[in-house]
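Architecture at a glance
Each chain is listed here by its residues.
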Amino acid sequence: MKRDICLPAEWEPQSLVMLTWPHQATDWKPFLQDITETYVQMVSAITRYEPVVIATPHPIQVGALLGGRLPKEQMTKVYICHCKTNDTWARDHGPITLKERSSGNGGTDTNRSRSALTMLDFRFNGWGEKFQADLDNLVTRQLHADGAFDTAENGTPRLSDNDDFVLEGGAIESDGKGTVFTTSFCLLAPNRNQPLDQDEIEEELRFRLKAKRIVWLHHGSLKGDDTDGHIDTTVRLAPDDTILYNKCYDSNDEQYEDFLALEEELRALRTTDGKPYRLIPLPQPAAIYDNGGTLSDRKEDDSYERLPATYANFLIINGAVIVPTYNQPNNDKAACKAIADAFPGRDIVPIDSRTIIRQHGSIHCCTMQVPL
């Protein structure tokens, strides 16, 4: 039977989700209590559906905290590993995992071998050397060596060292059928893989991710995003050739024209079968600003920084989708409805993400799934 290797879609069965825990020595220090509560909520939500692996310099304290908040049954799904870390963005320093599967049975191989998963450990350099990342760049190999990714189904996944190439998990989206989406403004940004040009980077992506097609998007950069434009903040893939994307309805918003151009790009796209994608818009949250201590829905002066609030940064897990919300009832409700439409049969679990965006990410950025 013919077998192929591909980057699975996020909605395919998962073995676990990885988190990297916030602590006093990270940029979360001013909001540590609030962000810790958000992480507890994430662990509580995920472990109702699948296991969680947590990297932290303080495993005893994190274990005691979670043990006091989660039911015993859910705590059996929590694996805590000692790792020194710079920050918490598991999506970008966690493993990007390829899956070997049979092409003759719809990708469901009941005779998977122990080498079915290959974890690609790319270089993480703080989104183009903006932030210190030396410790985070070691997290994946430390977790792998500790057996954190071992599963009964796959044994120990193979670890592939890709430290010669910079790639963050938030920069790519896969449909599980060989097409990978990304943005030109992120992958061509300074201090990543220069002097490679777009064609050369595409060749690397095809080879390393076993991709058949790379779709480059050139519009839709979210204000306040310091990753240079990760695709998981604006465009997400869903089953049945569906794309969810940020749509800005306010013509006075500084992002309006850029997101309108993104929508036109997406309308012009075709699947490998030559068909248009099913497009589902997500409302762009009303602007949220941070003046260094207080959140506001108005920009008073230049000291107020716009935060990258987005509903596109949701996390798909087994049986559910965890959706970031921002205490904007109408927008929150509309986003949850749109995501439920894209993922029928899955529970929709909202989590308030106003604290997460204070460090310029959201729920998807905090997590990294490992396929089954």
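In this text, all values refer to a predicted model and were calculated from it rather than measured experimentally. (Residues numbered from 1 in each chain as written. Predicted model: local features only at pLDDT ≥ 70, side-chain atom pairs only at ≥ 80, totals over all residues. Heavy atoms only, no water.)

Describing the overall build of the protein chain
How we decide: The helix count covers DSSP runs of H or I at least four residues long, the strand count covers runs of E at least two residues long, and both are numbered beginning at the N terminus. Taken over C-alpha atoms, the radius of gyration is set against a globule rule of 2.2 Å times the number of residues to the power 0.38. Throughout this description, buried means an accessible area under 20% of the type-specific maximum (1.4 Å probe, protein chains only), exposed means over 50%, and partly exposed covers the range between. Contacts were defined at the residue level, with two residues in contact if any of their heavy atoms lie within 4.5 Å.
The secondary structure content of the protein chain amounts to eleven helices and 20 strands. Against the 2.2 N^0.38 benchmark of 21 Å for 372 residues, the protein chain shows a C-alpha radius of gyration of 19 Å, consistent with a compact globule. Each principal axis of the C-alpha distribution contributes one length, and for the protein chain these read about 60 × 55 × 45 Å. Buried positions account for 59% of the 372 residues belonging to the protein chain. Intrachain contacts of the protein chain at a sequence separation of at least 6 include 75% that bridge at least 24 residues.

Some words on the packing of aromatic side chains
The test is simple: Paired rings are identified among Phe, Tyr and Trp, the last through its six-membered ring, by centres lying within 6.5 Å, and are further divided according to the angle between planes into stacked (under 30 degrees), edge-to-face (over 60) and tilted (the rest). Two conditions define a charge sitting above a ring: the NZ of Lys or the CZ of Arg must be within 6 Å of the ring centre, and it must be within 35 degrees of the ring normal.
Inspection of every chain in the model, using the stated rule, returns eight aromatic pairs. For the ring pair Trp21 and Tyr39, a centre distance of 5.4 Å and an interplane angle of 75° mean the geometry is edge-to-face. Here Trp21, found in the loop between strand S2 (14-20) and helix H1 (32-46), pairs with Tyr39, found in helix H1; they are 18 residues apart in sequence, far enough to count as distant. Across this residue pair, the class does not change: Trp21 and Tyr39 are buried. One aromatic cluster in this structure is built from Phe124, Trp127 and Phe131. Looking at Lys210, its charged tip hangs above the ring of Phe207, at a distance of 4.7 Å from the centre. Taking NZ or CZ as reference, Arg236 lies 4.3 Å from the ring centre of Phe314, over its face.

A closer look at the side chain of Thr310
Rules: Here a polar contact is taken to be a pair of N or O atoms separated by no more than 3.5 Å, where protein atoms must pair a possible hydrogen donor with a possible acceptor and residues adjacent in sequence count only if both atoms sit in side chains.
Inspection of the secondary structure assignment puts Thr310 in the loop between strand S16 (305-306) and strand S17 (315-317). A polar atom in the side chain of Thr310 sits 3.3 Å from the side chain of Asn246. In this structure, Thr310 is in contact with Leu222, Thr233, Asn246, Pro285, Pro324 and Tyr326, ignoring residues within four places of it in sequence.

Notes on H1
Heads up, the condition is: Multiply 1.5 Å by the residue count of a helix minus one, and that product is the helix's expected span.
Look at H1: 21 Å from first C-alpha to last across 15 residues, which is about the 21 Å you get at 1.5 Å a residue. Every buried residue of H1 is accounted for by Leu32, Ile35, Thr36, Thr38, Tyr39, Val40, Met42, Val43, Ala45 and Ile46.

Notes on the environment of Pro13
When you line up the elements, Pro13 lands in the loop between strand S1 (3-6) and S2. Classification of Pro13 as partly exposed rests on a relative accessible area of 45%. Each C-alpha atom, one on Pro13 and one on Asp232, is 19 Å from the other, the two residues being 219 residues apart in sequence. The residues touching Pro13, leaving out its near neighbours within four places in the chain, are Asn318, Pro371 and Leu372.

Considerations on the sheet that holds strand S3 (residues 52-56)
The pairing of strands in a sheet comes from backbone hydrogen bonds and takes either a parallel or an antiparallel form. Rules: Each pair of strands is called paired provided DSSP finds at least two bridges between the two strands. Here an axis means a line fitted to C-alpha atoms, over the contact stretch when the element is a helix, while the angle between two N-to-C directions is reported on a 0 to 180 degree scale.
One open sheet holds the four strands; their spatial order is S4-S3-S2-S20, and the pairing between them is mixed. One side of each edge strand has no neighbouring strand; the edge strands of this open sheet are strand S4 (78-82) and strand S20 (367-371). Adjacent strand axes in the sheet meet at a mean angle of 25°, parallel and antiparallel pairs treated alike. Across the sheet, H1 is in contact with S2, S3, S4 and S20; its angle to S2 comes to roughly 175°. With respect to the sheet, helix H2 (residues 59-69) is in contact with S3 and S4, its orientation differing from that of S4 by roughly 160°.

A few points about the pattern of salt bridges
What counts is decided by this rule: We count a salt bridge whenever a side-chain nitrogen from Lys or Arg sits within 4 Å of a carboxyl oxygen from Asp or Glu.
Scanning the entire structure with this criterion turns up 21 salt bridges. Residues Glu202 and Arg206 are paired through a salt bridge, measuring 3.1 Å at the closest nitrogen-oxygen approach. Note that Glu202 and Arg206 are positioned in helix H8 (residues 198-209) at a spacing of four residues, about one turn of the helix. Shared partners join several salt bridges into a network, and the residues in it are Glu10, Arg91, Glu173 and Arg236.

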